[in-house]
Amino acid sequence: MKILVTGAKGFVGKNIVAELNNVKENKTKIYPFLTDVTIFECDIDTTSDELKSFTKECDFVLHLAGVNRPETTDEFMEGNFGFTTILLDNLREFNNNASILMSSSIQAALDNDYGNSKRAGEDYLRQYGIDNSVKTFIFRLPNVFGKWCRPNYNSAVATFCNNVANDLPITVNSREYEMTLVYIDDVVNAFLNAINNDVIMSDEFCKVPVEHTATLGFIADSLHMFKDSRESLDIPNMSDPFVKKLYSTYLSYLPTDKFSYPLKSHCDARGSFTEFLHTINNGQVSINVSKPHIIKGQHWHHTKNEKFLVVSGNGVIRFRDINSTDIIEVFVSGDKLEVVDIPTGYTHNIENLGNADMVTVMWCNEIFDPSKPDTYFEEV
C-alpha cells in the first residue's frame, strides 16, 4: 500500500511516519492489513511536481497538514482550506479515488479564523467525497499531547512539559479549566485503523476511541510531581492511563544533560543500601551492596515482606522461624538469577560468600516508615 502523508514533518505527521516505518520494517504487527507499505512524505518543502507524483500513485491519503499559528490571519484559510483544495484537485486530475483521512480540530465548530478555515477544509473534502464516490474520514481532534509536540505553539501540555523539565516557570490561569485530550499513540492507532475502515463515529465525524479529561491544575501538579520524584523516588500512578501517558510525554522533554540523576546511598563498612524507587501501592525497590564475607539482616517482620534477587556475586540467605531452632539456607548467585521470598515471622540474614561485592535487588511490599518500621532484631 502506498500512503501519502501530508504534514509529515509536523507533530502528528512525525509520529505517523515513525509508526508506518515500524510497519514497513516489521517492527510491529498490530496492523496486519498493512503490508509492503510505501510512504510518500509531503510537507511545506515538497515541490508541486513531487505532490503530483504522490497523488498519482497513492492508495490512501493521511491529510495532516495545516496551519495553527500563522503570521497573518489570511494564512489560516490559505494553509488549511487552500492546500486541501490543491491536494484534492491533484487527486481529481489523476482520477485517483484513494480514500482520504483529514485531521481537523474541535475548533472547527467555533466562529474564529482558525475554526472557519478548518471547517471550510472539512466541507470541501466532504463534498469531494460525495462527488467522486471517495471514502473520507474526518477526525475533529481535541487537544493532542505526546512526544515531539512543539512547545510554546498551540499545546498547553507541550509547553508545561517543556518548561517544568527545563526549570522554567509555567502560568496556570485557571486551575479548574477542564481539557479533553487525546494521546498521540491513540491518535496514530485510530488513523491507521481507519485505513482498514475501522472507525468510531460521533455524529458525522470520526473520533479517537480513547479520550481523557483533566484540569489544568491537575496537569500542572502532576508535572511538578514528576520532576520532584527524582528526590522523593515516588513513581507516578501508572494504573491511571492519563498519568502514565503524561509521564511518558514529560520525559520526552528532558534536556539531554538531565537524563540521569544521583541516588542517596547509606554506606558503612559492610557496604551500602540505596533506595531506588517508591510506588503508590506496591512498595519500594532498593539496591543492597554487601562487602565480602559480610552478614546483613538478622531481623524479622510481622507484616512486611520482601523479595531478594542477587544480580552479582554469590552468597547465602538464611532463615529461621522465630519459634524454631531449625535454620534454612538458600544459596544465591548472580550467575543464576533467582528470586527469594522473605516470609513474615522468619528472622533472616544474607551473607556474601565471595571475595567481591555482592549486589542484591530488594523489593519490599511497603515504603519504609521510620515511625513504624516493623523490623525486629534477632540473630538467625
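From a predicted model like this one, the values you see are computed outputs, not experimental measurements.

### Details of the sheet that holds strand E11 (residues 265-268)
Strand order across the open sheet formed by six strands is E11-E12-E13-E20-E15-E18, with antiparallel pairing between neighbours. In this open sheet, the two edge strands, each paired with only one partner strand, are E11 and strand E18 (339-342). Pairwise comparison of adjacent strand axes, ignoring direction, gives a mean angle of 20 degrees for this sheet. Here six bridges tie strand E15 (residues 306-312) to strand E20 (residues 358-364), and the two strands are oriented antiparallel to one another. The residue of E20 that forms the bridge with Glu 306 is Cys 364.

### Remarks on the packing of aromatic side chains
Counted under the stated rule, the structure contains 12 aromatic pairs. Seen from their ring centres, Phe 40 and Phe 54 are 5.0 Å apart, and the 10 degrees between their planes marks the pair as stacked. Placement of Phe 40 in strand E2 (residues 38-42) and of Phe 54 in helix H2 (residues 48-57) is noted, with a sequence separation of 14 residues between them. Accessibility classification places Phe 40 together with Phe 54 in one group, the buried group. Summarising the aromatic geometry, the rings of Phe 218 and Phe 242 are spaced 6.4 Å apart at their centres and angled 35 degrees between planes, so their arrangement reads as tilted.

### Concerning a nonpolar patch on the surface
Side chains of Tyr 261, Leu 263 and Phe 276 sit close together on the surface and give an oily, nonpolar patch of about 250 Å² of accessible area. One can find Leu 263 in the loop between helix H8 (241-251) and E11. Given the relative accessible area of 35%, Leu 263 is considered partly exposed.

### Here we look at the layout of surface pockets
Computed from the structure, the second largest pocket encloses a volume of approximately 630 Å³. Taken together, 27 residues form the lining of the second largest pocket, with Phe 273, Asn 288, His 299, Glu 306 and Met 362 sitting closest to its centre. If you list the elements that add at least two residues to the lining of the second largest pocket, you get E11, strand E12 (271-278), strand E13 (284-290), strand E14 (295-300), E15, strand E19 (346-352) and E20. Of the residues that constitute the lining of the second largest pocket, the class distribution is eight nonpolar, 12 polar and seven charged.

### Some points on the pairing of E11
Pairing of E11 with E12 involves four bridges; the strand directions are antiparallel. From the neighbouring strand, Asp 268 faces E12, where its bridge partner is Gly 271. Connecting the antiparallel pair E11 and E12 is a turn made up of two residues.

### A few points about the pairing of strand E17 (residues 328-333)
Examined bridge by bridge, strand E16 (residues 314-321) and E17 share six bridges and lie antiparallel to one another. Within the sheet, the bridge partner assigned to Gly 315 lies in E17 and is Val 332. From the end of E16 to the start of E17, which pair antiparallel, there are six residues.

### Structural notes on the side chain of Glu 306
Among the secondary structure elements, Glu 306 is positioned in strand E15. For Glu 306, the side chain forms a polar contact with the side chain of His 348, separated by 3.4 Å. The contacts of Glu 306, once residues within four sequence positions are left out, are His 301, Val 340, Asp 341, Ile 342, His 348, Trp 363 and Cys 364.

### Observations concerning the side chain of His 348
Along the chain, His 348 falls in strand E19. Each residue touching His 348, except ones within four places of it in the same chain, is listed here: Gly 297, Gln 298, His 299, Trp 300, His 301, Glu 306, Phe 308, Arg 318, Phe 319, Ile 342 and Val 380.

### Let's talk about the environment of Tyr 177
Looking at where Tyr 177 falls in the secondary structure, it is placed in the loop between helix H5 (156-165) and strand E7 (178-183). Look past the residues within four positions of Tyr 177 in its chain and what remains in contact with it is Ala 214, Thr 215 and Leu 216.

### Some points on the nonpolar core
Judged by nonpolar contacts, the single largest core of 57 residues is most densely connected at Val 5, Ile 16, Leu 20, Leu 62, Phe 139, Phe 191 and Ile 219. Counting residues per element, this core draws most heavily on helix H6 (residues 184-194), at seven residues. Discounting chain neighbours no more than four positions away, the residues touching Phe 191 are Val 12, Ile 16, Leu 62, Leu 64, Leu 101, Ser 103, Phe 139 and Leu 141. Core analysis: the next-biggest nonpolar cluster, separate from the first, contains 20 residues, Ala 65, Leu 88, Met 102 and Ile 138 among them.

Parameters and conventions
- Residues numbered from 1 in each chain as written.
- Predicted model: local features only at pLDDT ≥ 70, side-chain atom pairs only at ≥ 80, totals over all residues.
- Heavy atoms only, no water.
- Pairing = 2+ DSSP bridges.
- Helix = DSSP H or I, 4+ residues; strand = E, 2+ residues; numbered from the N terminus.
- Axes fitted to C-alpha atoms, helices over the stretch in contact; angles between N-to-C directions.
- Phe/Tyr/Trp six-rings, centres within 6.5 Å; stacked < 30°, edge-to-face > 60°.
- Buried < 20%, exposed > 50% of the residue type's maximum accessible area, 1.4 Å probe, protein only.
- Patch = residues over 30% accessible without salt bridge, like charges linked within 9 Å, V, L, I, M, F, W, Y side chains within 5 Å.
- Areas by Shrake-Rupley, 256 points an atom, 1.4 Å probe, with all protein chains shown as cover.
- Salt bridge = Lys/Arg side-chain N within 4 Å of Asp/Glu carboxyl O.
- 1 Å grid on protein atoms, 1.4 Å probe; cavity = no way out; pocket = protein on both sides within 12 Å on 5 of 7 lines; lining within 4 Å.
- Points joined across faces, edges and corners; volume = space filled by probe spheres on them.
- Nonpolar A, V, L, I, M, F, W, Y, C, P; charged D, E, K, R; others polar.
- Polar contact = N/O pair within 3.5 Å; in protein donor to acceptor, adjacent residues only side chain to side chain.
- Contact = heavy atoms within 4.5 Å.
- Core = buried A, V, L, I, M, F, W, Y, C linked by side-chain atoms within 4.5 Å.

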